[in-house]
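Spelled out, the chains give:
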Amino acid sequence: MPAKAGALAIFNVVFAVPALIVLARWLWPLPLPLWAKILAGILMLAASQFHFWSRLSSGSVFAPEFPRLVVILFNWAFGALVLLAVFQLVIDLGALLTMLVQREVIREPDALRYTIASLAAVLAGIGVANALRIPPIKDVTVAIRDLPPSFDGYRVVQLTDLHISRLFTSDWAQAVVDRTNASGTDLIVVTGDFIDGSVEMRRHDIAPLRQLHAPNGVYAIPGNHEYFFDYGAWMRQLSGMGFRMLPNVHAVIERGGDQLIVAGVTDLSAPSVGEPGPDLALALRGAPANAPILLLDHQPGKARDAAARGVVLQLSGHTHGGMIAGLDRIVARANAGFVSGRYDIGGMTLYVSNGTGLWPGFAVRLGVPSEITRFTLRPML
């Protein structure tokens, strides 16, 4: 318990850093009355502790149980703080370089400070709006080696990182379901992070997902967030809603006498809560020897291992595409270099979706659009 409390304290301090930068380098130098600076500083620090308030509201930093408008405003305010901190650091660096070249002290104009604050506020608003939209269908054609003739033109729709929550509610989920069901797909897969919250919190919001349907079914795996909220309860709930869960197991799709293997693994975070970790060998045990393998793995970091085991297509999520252009380079480093889109790994195609939804603790997208991904399988020529 002390270790968990310490981790949460570090979590809160890390998220306070953008506000502290803004307070010290943006707010304090402005020619404002002291009372105004104190009031603004308190509001900024309160916004930076959005995740602390979330934990008070639900017991978890990952599930803010506030009215949706409040969650939206928190995301906007926190996003604006992060962007303003970055803009201010860039200006400070520019000022420092200018002083080194000109060898004289310069003062950053107040007008410039107000300009970057306005820009941060507008961009944060755009970013939150981008995150909340109903994603469009994104078409991706994948060439599969040894694809059986019956599966030429086969369509698979991937949903991932839905993060059903107070931010992504039942109305949003219903719109995603309607768009997915109308996509003309043969198979639907969900590659984890269905929710943020317990079954009791999310039962109503997740209900529309029961309506997902495709001729060859709806298959899914857990993401790391399912392990944050009673993994067993969520696996029972999702299975009862019609999802064919694939935790280290596989299924065989048959079409015209041909076969396609759909395998799934658990998440890398599973052992931290006493659950079995991802085991591709176990997932493929007893699978037909010559059928192409489509792998569902929430996190893309082990893709090279999957390629070595003969997987032809791996579908992953988890990274949210990096959320903000530029930030994706940092996210890629934490995921073995994989962050968004298509990668060719030794003859295997890895596709990392930007995500259908987004974690409600930082729901900002700039230059990294959400997606419902529709794959069309073609034989490799």
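- In the nomenclature of an unreviewed UniProt entry, the protein is known as Calcineurin-like phosphoesterase domain-containing protein of Sphingomonas parapaucimobilis NBRC 15100.

What about the sheet that holds strand 10 (residues 341-345)?
- If you trace the six strands from one edge of the open sheet to the other, you get 6-7-8-9-11-10, paired in mixed fashion. This sheet does not close on itself; its edge strands, each paired only once, are strand 6 (249-255) and strand 10. Strand-to-strand, the axes of this sheet are offset by a mean angle of 20°, without reference to chain direction.
- Inspection of the sheet shows strand 10 paired to strand 11 (residues 348-352) by five bridges, in the antiparallel sense. Among the inter-strand pairings, glycine 341 is bridged to a residue of strand 11, identified as valine 352.

Let's talk about the packing of aromatic side chains
- The final tally for this structure, using the stated rule, is 13 aromatic pairs.
- For the ring pair phenylalanine 50 and phenylalanine 74, a centre distance of 4.8 Å and an interplane angle of 15° mean the geometry is stacked. Placement of phenylalanine 50 in helix 3 (residues 50-58) and of phenylalanine 74 in helix 4 (residues 68-102) is noted, with a sequence separation of 24 residues between them. Phenylalanine 74 carries the same exposure label as phenylalanine 50, and that label is buried.
- Members of the aromatic cluster, joined through ring pairs, are Phe15, Phe78 and Phe362.
- Directly above the aromatic system of tryptophan 28 lies the positively charged group of lysine 37, at a separation of 4.7 Å from the ring centroid.

Topic: the nonpolar core
- One finds Trp26, Phe194, Ile206, Leu209, Leu238 and Phe243 to be the most contacted residues of the largest nonpolar core, which totals 72 residues.
- Counting residues per element, this core draws most heavily on helix 4, which supplies 12 residues.
- Looking at which domains feed residues into this core, each of domain 1 (5-132) and domain 2 (137-379) gives three or more.
- With 24 residues, the next largest nonpolar core counts Val142, Phe151, Ile221 and Leu296 among its residues.

A short note on the environment of serine 272
- Relative to the elements of secondary structure, serine 272 occurs in the loop between strand 7 (258-264) and helix 9 (280-283).
- Owing to a relative accessible area of 63%, serine 272 belongs among the exposed residues under this scheme.
- For serine 272 and phenylalanine 228, which are 44 residues apart along the polypeptide, the C-alpha to C-alpha distance reads 10.0 Å.

Remarks on the sheet that holds strand 3 (residues 187-191)
- Judged by pairing direction, the sheet is mixed, and its six strands sit side by side in the order 1-12-2-3-4-5 without closing on themselves. For this open sheet the edge positions go to strand 1 (137-144) and strand 5 (244-245), each flanked by a neighbour on one side alone.
- In this structure, strand 4 (residues 218-221) lies alongside strand 5, joined through two bridges in parallel fashion. Bridge assignment links tyrosine 219 to a residue of strand 5, and that residue is arginine 244.

Calculation notes
- Residues numbered from 1 in each chain as written.
- Predicted model: local features only at pLDDT ≥ 70, side-chain atom pairs only at ≥ 80, totals over all residues.
- Heavy atoms only, no water.
- Pairing = 2+ DSSP bridges.
- Helix = DSSP H or I, 4+ residues; strand = E, 2+ residues; numbered from the N terminus.
- Axes fitted to C-alpha atoms, helices over the stretch in contact; angles between N-to-C directions.
- Phe/Tyr/Trp six-rings, centres within 6.5 Å; stacked < 30°, edge-to-face > 60°.
- Buried < 20%, exposed > 50% of the residue type's maximum accessible area, 1.4 Å probe, protein only.
- Lys NZ or Arg CZ within 6 Å of the ring centre and 35° of its normal.
- Core = buried A, V, L, I, M, F, W, Y, C linked by side-chain atoms within 4.5 Å.
- Domains from an automatic or database assignment.

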